[in-house]
Amino acid sequence: MSWMTVLWSMPASASLTFALLHLLVWAKGIQTRANLSFALAALAATALTGMELMSMRATSTEQMAIILRWAHLPLLVLWVAILYFVRFYFDAGRTWLAWSAAGLRVLALILSFTTGQNLFFNEITGLKHIVFFGGETISIPQGTLNPWYVVGPLSALALAAFVLDAAFTMRRGGTATGRRRAILFSGSITFFLLTSVGHGVLVNAGLINSPYIIGLSFMPILLAMSYELSCDMLHAAQLAQQLQASEAELRINKQRMDLAASAAELRLWEWDIILDEVWSTDKGHLLFGIAESQKISFVSFLNILHDEDREQVKLAVEKSMAGNGDYESEYRIKMPDGQTRWFYSRGRIEFSKDNQPQRMLGVTIDITRRIQAELAEQQQRKELTHLSRVTTLGELSGSLAHELSQPLTAILCNAQAAQNFLARDKVDLSQIQDILKDIIAEDKRAADIMHRIRLLLKKCEIEQLPVDVNKVVLDVLKLVSSDLVSRNITVQVDLDQKLPAVIGDRVQLQQALLNLIMNACEAMTHTQANNRQLFVCTELAGVGNAQVSVGDLGPGIPPENLASIFEPFFTTKLPGMGLGLSICRTIISAHGGQLWASNNTGSGAIFYFTLPIFPGESA
Ligand code: ADP
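None of these values were measured; they are calculated from a predicted model. (Residues numbered from 1 in each chain as written. Predicted model: local features only at pLDDT ≥ 70, side-chain atom pairs only at ≥ 80, totals over all residues. Heavy atoms only, no water.)

A.B. asks: Outline a nonpolar patch on the surface, listing residues and values.
C.D. replies: On the surface, a nonpolar cluster with roughly 310 Å² of combined accessible area is contributed by Leu 16, Leu 20, Leu 40 and Leu 43. If you list the elements that add at least two residues to the nonpolar patch, you get helix H1 (3–27) and helix H2 (32–56). As for its position among the elements, Leu 40 is in helix H2. Its relative accessible area of 36% is what places Leu 40 among the partly exposed residues. (Patch = residues over 30% accessible without salt bridge, like charges linked within 9 Å, V, L, I, M, F, W, Y side chains within 5 Å. Areas by Shrake-Rupley, 256 points an atom, 1.4 Å probe, with all protein chains shown as cover. Salt bridge = Lys/Arg side-chain N within 4 Å of Asp/Glu carboxyl O. Helix = DSSP H or I, 4+ residues; strand = E, 2+ residues; numbered from the N terminus. Buried < 20%, exposed > 50% of the residue type's maximum accessible area, 1.4 Å probe, protein only.)

This is the structure:
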């Protein structure tokens, strides 16, 4: 094989290899435009190199004319490929310049076929045979130049202008890559134009004896384009590696999160509001009690909720959609095994730019155990309250028995008197009638006492009804009246007759007041008998509150105990349990009121409690 063949075949095969490689990459769909334009440029360069070799071997002027005519086709492809590469891969260069360069190249191709023998020559008159590199003889065309020849160099100028303009833009971009590309491309293309076009002009003009080197001089551009693409491929490979690493990290984080979530019995969920589809980490939708195969929509979720909870969950979701997107609710679900479980859900809605709810992300936790514990505690508290009531009544039992014995004794006396009257010869019926009236009145009194005791002893559900506070005070005072007498305590009652009703449970309010009165009585055990006074007062306090106060003339509460007396099991009494005041505070708090104590300026303590007035009652 000759030296020339070897010399021209090397870049041709290098270009072809590049072309095929990038065609393959293009076919795989990576960096499509850049690879396609690069592959086309490389193919065109291969074709040009091949044609150059053929022109060197041309044996006739016709052969040479045909080769030079067709050479403008790969040149056009080359131009378009460079323009395309710079415009779309580097995103630089003015469009009108690109169109000018491409247009002139198309014109050159047309002129090559329509004027003279080709764009270079009007007519090739002969072939000059010269001995070139390695002593080989090659053919060079000679003839009259085509006047349209200038279109070729003009298209080269337009291409150079486009590339230089793009290079300035890339340099201005300021990044290191931009600067590198600017230098690499403007440099390699200028080199190409100077060598290929300039050299071609000199050869055609017969000023130098040399084969065409368009294909050869294109090699630096090919290398520059290839270098850029390789850099990008390397970068892409690095990114892929990083992505793999971050995916692995993500997987580990997800595993950790799943572990933490399952340890906390937490389920994460996502509701695609647009598609109305709920996704959850809950394996088998256990938490929702829905079969795994079933798709969960918002309505199907609402359907599995307890009847009483459905509306409030719906309202909570609607509220979060209309508000700031925060959602929170507690609800019950009847599970497939028949059990009812409690859940707590918290979520947040993501809105689109035009404020449309897109999806809701949230967590759900099974709180059945907590609710069960709360219910058990509530039940225990109820039992304790009742027990404390029974204990208080137990303390009052002596005086209650005494109080009850009074109407019973009266009934007995009246019955005996009636017997005596009836034993007489002349029965005065009007007297008998009076006696019977007395018996009935005393019986009613006894029944009244029994009713009050029974009410307090009863274990009943807590009510929320309008309650007359003054009546509660009078009922409790009746209950303790005998006890007060036996303790030599006088009562001063000051009731606000216009006090509106409060909302609550009559029995519980009686219990709280009874406890305060009993404490006041016990506190006055060592007070001089003529100084034992109990004060009970009802009044309006502020807007919307009724206030009850119970005062005594006992020793008062030592200031250091004032904060502790409401704590459970705090007592200063020997047989005391220390539960009375803590139960009182629980009752008053449950009614939405407050209970506190202070010392009188003179002597004794005074306890206050407030209760919200029943809505609708005017103060
Ligand atoms: P207990 O009566 O079983 O001691 P309480 O909770 O009813 O339990 O009362 C706790 C403590 O508060 C009492 O032991 C007493 O020291 C104090 N206390 C309650 N009422 C009065 C009062 N009116 N005067 C002085 N101290 C009182």
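A.B. asks: Would you mind going over the sheet that holds strand S4 (residues 277–280) in detail, with residue names and values included?
C.D. replies: The five strands are arranged S4-S3-S7-S6-S5 in an open sheet whose pairing can be described as antiparallel. The open sheet has two free edges, formed respectively by S4 and strand S5 (326–334), since each of these has just one partner strand. Neighbour to neighbour, the strand axes of the sheet diverge by 25° on average, direction disregarded. Pairing between strand S6 (residues 340–351) and strand S7 (residues 357–366): nine bridges, direction antiparallel. Within S7, the residue paired with Ile 349 across the bridge is Met 360. Across the face of the sheet, helix H11 (residues 307–322) comes into contact with strand S3 (266–272), S5, S6 and S7 while running at roughly 160° to S5. (Pairing = 2+ DSSP bridges. Axes fitted to C-alpha atoms, helices over the stretch in contact; angles between N-to-C directions. Contact = heavy atoms within 4.5 Å.)

A.B. asks: Please set out the site of the ligand residue by residue, giving values where relevant.
C.D. replies: In the neighbourhood of the ligand, 20 residues make up the surrounding shell, with Asn 519, Thr 571, Thr 572, Lys 573 and Leu 581 lying closest. Note that an oxygen atom of the ligand is positioned 2.4 Å from one of the side-chain N or O atoms of Thr 572. In the model, an oxygen atom of the ligand is placed 2.9 Å from a nitrogen or oxygen of the Gly 578 main chain. For the ligand, whose accessible area on its own is 530 Å², the fraction buried by protein is 91%. Residue assignment for the shell around the ligand shows that the elements contributing at least two residues are helix H15 (506–523), helix H16 (580–590) and strand S14 (605–612). Top element by residues in the shell around the ligand is H15. It accounts for four residues. Split into classes, the residues belonging to the shell around the ligand amount to 10 nonpolar, eight polar and two charged. (Near = heavy atom within 4 Å. Polar contact = N/O pair within 3.5 Å; in protein donor to acceptor, adjacent residues only side chain to side chain. Nonpolar A, V, L, I, M, F, W, Y, C, P; charged D, E, K, R; others polar.)

A.B. asks: Any chance you could break down the environment of Ile 557 for me, citing the residues and the numbers?
C.D. replies: Residue placement: Ile 557 occurs in the loop between strand S12 (545–551) and H16. Taking the C-alpha atoms as reference points, Ile 557 and Ala 597, 40 residues apart in sequence, are found 8.7 Å from one another. Apart from residues no more than four positions distant in its own chain, Ile 557 is found in contact with Leu 562, Ile 565, Ala 597, Asn 599, Ala 605 and Phe 607.

Shape is all these values report; function is a separate question.
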